[in-house]
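Structural features, examined
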Amino acid sequence: MFKKILIANRGESAVRVMRTAKRMGIATVAVYSDADAQAMHTTLADEAVHIGGAAASESYLNGERIIQAAKATGAEAIHPGYGFLSENPDFVEAVEKAGLVFIGPSAKSIRAMGLKDAAKQLMDKAGVPVVPGYFGDAQEVVVLATKAREVGYPVLIKARAGGGGKGMRRVDNPDRFAEALAAAKREAKAAFGDQRVIVEKLIETPRHIEVQVFGDRHGNVVHLFERDCSAQRRHQKVIEEAPAPGMSQAMRAAVTQAAVKAAKAIDYCGAGTIEFIADASQGLKPDRFWFMEMNTRLQVEHPVTEMVTGVDLVQWQLRVAAGEALPRTQQEIAVSGHAVEARVYAEDATRDFLPATGTLHHLRFPDETAGATLRIDAGVRQGDAVTPYYDPMIAKVITHAENRGAALAALAEALEATEVAGSTVNTRFLARLVRNPEFAAGRLDTGLIARHQESLTTTAQPESRTIAVAALAASGAKHQPDAIEPFDAIPAYGHFHPLTHRRTIHHGERALTYAITGDGDGRFRVQADGDDDETWQLTPAGDLRMAVWPGHLTVFEDGESFTFALHDPLALAEEAGAGGDSLRAPMPGLVKLVRGAAKEAVKKGQPLLVLEAMKMEHTITAPHDGIIAEIAGEGTQVNDGAVLVRFEEVGDGQ
Ligand code: ADP
């Protein structure tokens, strides 16, 4: 077995591989970009090598630098994780040329499956059922349109080099073909630098069923049963599970045999996935599924297979790459129970799933769930930033139970108990999806999310009592049952009268003002401005979970989270000033106005710049007298924690 390996990836993927390597006593080397110097994967590894700039093209896609890092640290093998270089045959060849082992399939296998047209021709020849369509060389509109008519509308045009659902167009009638073809080609050219397409029959009521396969260097290939990844949004997987709901013995036998046949046809070695599309209009039928593509790497959703089979797939990858035979025969692999995985992303479901960024000031997952095993595969920790440079995945939440119902119930519960503040996340959307009656009944197809998008993504508004609790917390009131005077706990109030304090907080566009009065026994009367009916008797930090973070307060309640902005520019400037001789951005935003320049002497309290964030302007002032060494440029977009102003060091050279 290897003594040391390098992991050519970041985030959740890198962390996942490291966990198994550590368990096996294998030392790990991480690689990291400028943006990831403090990232979880960087700090978790035994060694870490800086490989370049934040942009993936300058770091995680720079194969040469990665190979250099492996040589320099004495790593014997490179694990590519998933994404980045994991399916790049040129990288595999470069790794092998450098005398290192690539933990994955051969360059030849990757090439065979790399393009959808060639892969489909190959599979067709090997006797694997393939979606009816045209996978040939001709690319002229007339030829493709004729083929589309032969295949029968509706059809799907797909980029042969496609991935992630890009370069794909549905066409419902011949009049629309030329236009859709042009659009698919444009998208394919931009995304993959290859505008060639294939034309496929569009399967109505499709289900995405994939089979985990594994091969070794001794000619053995096994399957580890199927996963269902039909819960998709824009052709991207959202929830995955194993086994597939409603799978019959006959269909399972057919689909797993087809997968093994496919892997054998390309002498496959290592972990791989054969993706099939099934026509689920009349349930899963052994003659109604077709090969779609093969992913020649470990998949994001591999944990559900691990949970139901008890196999550590990364451990198998390492053993197979080191030359060992597969640890188990086909007969020794069985499925037990049901596992479901949900992908937690920093994204805003209510704004068409716009990717979000920000620092995860508060991040808490539940420790356990009732009636199921809970597994959290996270790529970040509390305090880490989600940057715009990479995939905004935060974690995968996985549950495993005796049956599907129990696994789903536990997953929904775990998602609702997950607390994130500092960035918008999709946990509420995921929990609603898991609880959706159609999904729960196993009536899945890839259109389910789109059909229910509205009910899955509508925003809940906080109850007025919740806002009152937040306002009380924002006022600084602390629960101190032993305090003689309740206001002893509130520094701002002091010991003088009157004892009513007004506090304004903001929820979205709404400004909410409350009058807060201590009643002498540790409780407070909290009254909405000018509304006598909206009055509550509350104790600070009473019955709601909440997180306080720079400029904000987030309340977690019944699976929802409500974030209130405190919008106190003075406090924000102070917060920003806490970083020593630099002023840091308290939240991601835009530098709108700059009132200072390098070498300029400034006085304490002098406004230096205005940061626009969360639709509000915040004036950043000098925390002390000093000389500016560096100041952010007007119009720059900054992440939170970014240095806005740096002061020259005092006492230097004196
Ligand atoms: P990509 O490589 O871009 O991910 P795939 O070929 O793997 O593209 O397809 C992605 C998804 O698109 C599938 O999971 C399925 O939801 C949908 N899809 C693909 N082919 C078809 C088809 N012939 N009919 C209907 N839906 C399809």
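This text gives an overview of the structure that appears in the document. (Residues numbered from 1 in each chain as written. Predicted model: local features only at pLDDT ≥ 70, side-chain atom pairs only at ≥ 80, totals over all residues. Heavy atoms only, no water.)

A few points about the packing of aromatic side chains
Cut-off, in case you're wondering: Planes of paired rings set the category: under 30 degrees apart is stacked, over 60 is edge-to-face and the rest tilted, where pairs are Phe, Tyr or Trp rings (Trp by its six-membered ring) whose centres lie within 6.5 Å. Numbering of helices and strands starts at the N terminus; helices are DSSP runs of H or I of at least 4 residues and strands are runs of E of at least 2. When accessible area is computed with a 1.4 Å probe and restricted to protein chains, residues below 20% of their type maximum are described as buried, those above 50% as exposed, and intermediate ones as partly exposed.
If you walk through the whole model with that rule in mind, you get 7 aromatic pairs. Summarising the aromatic geometry, the rings of Tyr60 and Tyr390 are spaced 5.5 Å apart at their centres and angled 80° between planes, so their arrangement reads as edge-to-face. With Tyr60 in the loop between strand S3 (47-52) and helix H3 (63-73) and Tyr390 in the loop between strand S21 (385-386) and strand S22 (393-401), this pair connects stretches of sequence that are 330 residues apart. A ring pair is formed by Phe353 and Phe429, whose centres lie 4.8 Å apart and whose planes are at 75°; its orientation type is edge-to-face. Taken together, the positions of Phe353 in the loop between strand S16 (347-348) and strand S17 (354-355) and Phe429 in helix H13 (residues 427-435) put the pair 76 residues apart, joining distant regions of the chain. The exposure class assigned to Phe353 is buried, which follows from its relative accessible area of 4%. Members of the aromatic cluster, joined through ring pairs, are Tyr60, Phe84, Tyr389 and Tyr390.

Looking at the sheet that holds strand S6 (residues 133-134)
For the record, the criterion: Criterion used throughout: strands pair if DSSP finds at least two bridges between them. Whether two residues touch is decided by their heavy atoms; if any such pair falls within 4.5 Å, the residues are in contact. Axes, fitted as lines to C-alpha atoms, cover a helix only where it is in contact. Angles between the N-to-C directions of the axes lie from 0 to 180 degrees.
Taken in spatial order, the 4 strands of this open sheet run S6-S9-S7-S8, and their pairing is antiparallel. The open sheet terminates on both sides in strands that have one partner only, identified here as S6 and strand S8 (168-171). Across 5 bridges, strand S7 (residues 155-159) lies against strand S9 (residues 197-201) in antiparallel orientation. From the neighbouring strand, Ile157 faces S9, where its bridge partner is Val199. Set on the sheet, helix H6 (residues 116-126) makes contact with S7 and S9; between it and S9 the angle comes to about 50°.

What about empty space enclosed by the protein?
Operational definition: Only protein atoms enter the calculation, which uses a 1 Å grid: trapped sets of points that fit a 1.4 Å probe without letting it out are cavities, open sets showing protein on both sides within 12 Å along at least five of seven lines are pockets, and any residue with an atom within 4 Å of a point is a lining residue. Grid points are joined across faces, edges and corners, and a volume is the space filled by probe spheres set on the points. Residue polarity follows a fixed list, in which Ala, Val, Leu, Ile, Met, Phe, Trp, Tyr, Cys and Pro are nonpolar, Asp, Glu, Lys and Arg are charged, and the others, Gly among them, are polar.
A full pass over the atoms with the stated rule returns 3 cavities of 30 Å³ or more. Its volume calculated, the largest cavity comes out at about 60 Å³. As for the largest cavity, its lining consists of Phe102, Ile103, Gly104, Arg217, Cys269, Gly270, Ala271, Gln317, Val320 and Ala321. Among the elements of the structure, strand S13 (270-279) and helix H11 (313-321) are those that each provide at least two residues to the lining of the largest cavity. If you tally residues by element for the lining of the largest cavity, the top one is H11, at 3 residues. Taken together, the residues that form the lining of the largest cavity break down as 6 nonpolar, 3 polar and 1 charged.

Observations concerning the site of the ligand
We apply this condition: Note on terminology: near, applied to a residue and a molecule or strand, indicates that one of the residue's heavy atoms is within 4 Å of it. We define a polar contact as two N or O atoms separated by no more than 3.5 Å, with the added condition that, inside protein, one atom must be a possible hydrogen donor and the other a possible acceptor, whereas residues neighbouring each other in sequence contribute only through side-chain atom pairs.
The local shell around the ligand holds 21 residues, among which Lys116, Lys158, Gly165, Gln232 and Glu293 are the closest. With respect to the ligand, the side chain of Glu200 contributes an N or O atom lying 2.8 Å from a nitrogen atom. Between the ligand and the protein, one listed contact pairs an oxygen atom with a side-chain N or O atom of Gln232 at 2.7 Å. Elements with a minimum of two residues in the shell around the ligand: S7, S9, S13 and strand S14 (289-295). Looking at the shell around the ligand residue by residue, the class counts come to 7 nonpolar, 8 polar and 6 charged.

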